[in-house]
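Observations on the three-dimensional arrangement
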Amino acid sequence: MKFIDEYRDAKAAHRYARAIARMTKKTWTIMEVCGGQTHAIVKFGVDELLPKEITLVHGPGCPVCVTSVELIDKAIEIASRHEVIFCSFGDMLRVPGTGKDLLSVKAHGGDVRIVYSPLDSLKIARENPAKEVVFFAVGFETTAPANAMAVYQAHQQRIENFSMLVSHVLVPPAMEAILSSPANRVQGFLAAGHVCTVMGYKEYEPIARKYHAPIVVTGFEPLDILQGVYMCVKQLEEGRFEVENQYTRSVRREGNQPAQQLIREVFRVVPRKWRGVGEIAHSGLGLNPKYERFDAEQRFGVTLHTVEESSECISGLILQGIKKPHECPAFGTRCTPEHPLGATMVSSEGACAAYHRYRRLRVPEGTRIGQKS
Amino acid sequence: MCLAVPGKIESVSGDDPLLRTGRVNFGGIIKEVNLAYVPEANVGDYVIVHVGFAISTLDEQEAQRVFGYLREMDELKELEQGSP
Ligand code: SF4
């Protein structure tokens, strides 16, 4: 497919890898922020092409993984109500809450439906006026324009049996939280190409300056990631810390203006608790007062609810780049994709799931890039 | 979850800017996509699509940069090594 296959060319990938090796003099730790990049890196073995001086650690950019246990429990509580049709993206269904997951609600007769787009749930609401239709709005800035549009249309078209359980998270505050942690070992970032497609990259410029960390906006195919690593290492070796854009075919510095406009219309910045990490100030989106009547937490009275997280799962450390999945004692034994203890084992973009899926059988060198799954 | 894939716009319909949709071809699979956030996109353009919404129009020229960069690096290497 155009815009995909050419970026998986094995020869070009090896040329990039050699160029990176030639340039690398010191040891560097680079974090790819987005789970989509983590998935591609592990699937195509991009990290195995890099010189041993370069360590890639995997960031918090998987919205499924960072949605707090409280919100999963609230989702389960709402989805269990007989008058509710609960709509969600597929990978949220198996994320464990305190006791169970959304899939078990469905198994016990709850009307839980997987949708592809938030607009699908709006359609379900129109077709089922006697039911309360709730959409589980998880996501980063990439997904915010779609979810904002669903609320905006519900408001415009007076679809009052529709509401949203909002679990939106924002990337830059999480990057700052990682960089300012005493345990931090991240020296440079590959920023998430699709988040920046929506938001642009101006807001990363003060972060790069303040923490002396180069940030390269990067795409999702193997060649994108290798070029992103090249640009990041080049900055590190030269002692620069700027924001650069590798993913120029999709990302403009000012981002997508119409999308940002609707995000600002519908949402406001709120504090948000990240699973395994804790609360980060200004790191989430909630509904603006004008649209609060579409807030499922208020509509179903589930606002006050806090729980303790399980202590065995170290996904919080993994999401901050402090540990790697195989360093978790439960990895592959008590915790597997079939029986996940933590959300990073559920989503295909979670680091634990990616390692489990792609790292069990070693594939001979040189055959990985360009393979089709 | 943040998966967003490139596809080619085959047709566009709808006059209301917020409800403008297109039929987008993803390597043979056709899907209806909301085009509200890419007012500049037209038939024949490639867009990046996430959960039913196009979030950018791909720039064909910029798309070649990854390969141009590679060529520059290789030329640099030849210069450094003094080969012809
Ligand atoms: S392997 Fe399982 S228990 Fe360990 S960090 Fe990953 S999700 Fe948590």
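All values reported here derive from a predicted model rather than from experimental measurement.

What chain A contains, in helices and strands, is 16 helices and 11 strands. Taken against the 2.2 N^0.38 rule, which gives 21 Å for 373 residues, the C-alpha radius of gyration of chain A at 21 Å falls within 12% of a compact globule. For chain A, the C-alpha atoms occupy an extent of roughly 65 × 45 × 45 Å along the three principal directions. Residues counted as buried form 63% of the 373 residues belonging to chain A. A sequence separation of at least 24 residues applies to 78% of the contacts in chain A between residues at least 6 apart. On chain A, roughly 14,200 Å² of surface is accessible, and the fraction owed to carbon and sulfur atoms is 52%.

With that settled, the discussion passes to empty space enclosed by the protein. All names here are of chain A. Here the structure, examined in full by the defined rule, presents 6 cavities of 30 Å³ or more. Forming the boundary of the largest cavity are 14 residues, of which Cys 313, Cys 328, Cys 335, Gly 342 and Cys 352 lie nearest the centre. Counted as a void, the second largest cavity has a volume near 60 Å³. Around the second largest cavity sit 13 residues that line it, and Thr 38, Gly 59, Leu 319, Glu 349 and Ala 351 are the ones nearest its centre.

Let us now look at the site of the ligand. Within the structure, the ligand sits among Cys313(A), Ile314(A), Ser315(A), Ile318(A), Cys328(A), Phe331(A), Cys335(A), Leu341(A), Gly342(A), Thr344(A), Met345(A) and Cys352(A). Judged by the proximity of its atoms to the pocket grid, the ligand belongs to the largest cavity.

Residues and elements named next belong to chain A. With their axes 9 Å apart at the nearest point, helix H2 (residues 35-44) and helix H16 (residues 351-358) run at an angle of 15° to one another. Viewed along their axes, H2 and H16 adopt a mutual orientation that is roughly parallel. Crossing handedness for the pair H2 and H16: right-handed. From H2, Thr 38, His 39, Val 42 and Lys 43 reach across to H16, where they touch Ala 351, Ala 354, Tyr 355, Arg 357 and Tyr 358. Classifying every residue of the contact of H2 with H16 gives 5 nonpolar, 2 polar and 2 charged.

Residue and element names in this part refer to chain A. The element H16 is largely enclosed, with a buried count of 7 among its 8 residues. Buried within H16 are the following residues: Ala 351, Cys 352, Ala 353, Ala 354, Tyr 355, His 356 and Tyr 358. Check the buried side of H16 and you find it contacts H2, helix H3 (46-49), strand S2 (54-61) and helix H15 (315-319).

The partner chain B presents 38 residues to the 51 residues of chain A that form the contact. With both sides pooled, the region where chain A packs onto chain B buries about 3,900 Å², and carbon together with sulfur makes up 65% of that total. For chain A, the biggest contributors to the area lost against chain B are Phe3(A), Arg15(A) and Tyr116(A); these three give 16% of the whole. In this structure, Glu60(B) engages Lys2(A) in a salt bridge whose closest nitrogen and oxygen atoms are separated by 2.9 Å. Joining chain A to chain B, the criterion identifies 13 residue pairs in polar contact (both at pLDDT 80 or more). Elements that contribute at least two residues to the side of chain A that touches chain B include exactly helix H1 (10-23), helix H4 (63-66), helix H7 (118-127), strand S5 (132-139), helix H8 (144-156), helix H10 (193-199), helix H12 (222-238) and helix H13 (257-266) of chain A. At 6 residues, H12(A) tops the list of elements feeding residues into the side of chain A that touches chain B.

The predicted model of chain A averages 91 in pLDDT, with 95% of residues at 70 or higher. With pLDDT under 50 throughout, residues 361-368 of chain A is counted as low confidence; its partners more than four residues away or in other chains account for 11 contacts.

Attention shifts here to the sheet that holds strand S8 (residues 215-218) of chain A. Residues and elements named next belong to chain A. With parallel pairing, 5 strands are arranged side by side in an open sheet as S2-S1-S7-S8-S9. In the strand order of this sheet, the two ends are held by S2 and strand S9 (243-245), each with one partner. Each strand axis lies, on average, 25° off the axis of its neighbour in the sheet, ignoring direction. Two strands pair when backbone bridges link them, and S8 and S9 are joined in this way by 3 bridges, in the parallel orientation. What sits directly across from Ile 215, in S9, is Val 243.

Conventions used here
- Residues numbered from 1 in each chain as written.
- Chains lettered and ligands numbered in written order.
- Predicted model: local features only at pLDDT ≥ 70, side-chain atom pairs only at ≥ 80, totals over all residues.
- Heavy atoms only, no water.
- Helix = DSSP H or I, 4+ residues; strand = E, 2+ residues; numbered from the N terminus.
- Rg over C-alpha atoms; globule rule 2.2 N^0.38 Å.
- Buried < 20%, exposed > 50% of the residue type's maximum accessible area, 1.4 Å probe, protein only.
- Contact = heavy atoms within 4.5 Å.
- Areas by Shrake-Rupley, 256 points an atom, 1.4 Å probe, with all protein chains shown as cover.
- 1 Å grid on protein atoms, 1.4 Å probe; cavity = no way out; pocket = protein on both sides within 12 Å on 5 of 7 lines; lining within 4 Å.
- Points joined across faces, edges and corners; volume = space filled by probe spheres on them.
- Near = heavy atom within 4 Å.
- Sits in = over half its atoms within 2 Å of the grid points.
- Axes fitted to C-alpha atoms, helices over the stretch in contact; angles between N-to-C directions.
- Parallel < 35°, antiparallel > 145°, perpendicular 65-115°, else oblique.
- Left-handed = near helix turned anticlockwise from the far one by under 90°.
- Nonpolar A, V, L, I, M, F, W, Y, C, P; charged D, E, K, R; others polar.
- Buried area = accessible area lost by both parts, 1.4 Å probe.
- Salt bridge = Lys/Arg side-chain N within 4 Å of Asp/Glu carboxyl O.
- Polar contact = N/O pair within 3.5 Å; in protein donor to acceptor, adjacent residues only side chain to side chain.
- pLDDT = per-residue confidence, 0-100.
- Pairing = 2+ DSSP bridges.

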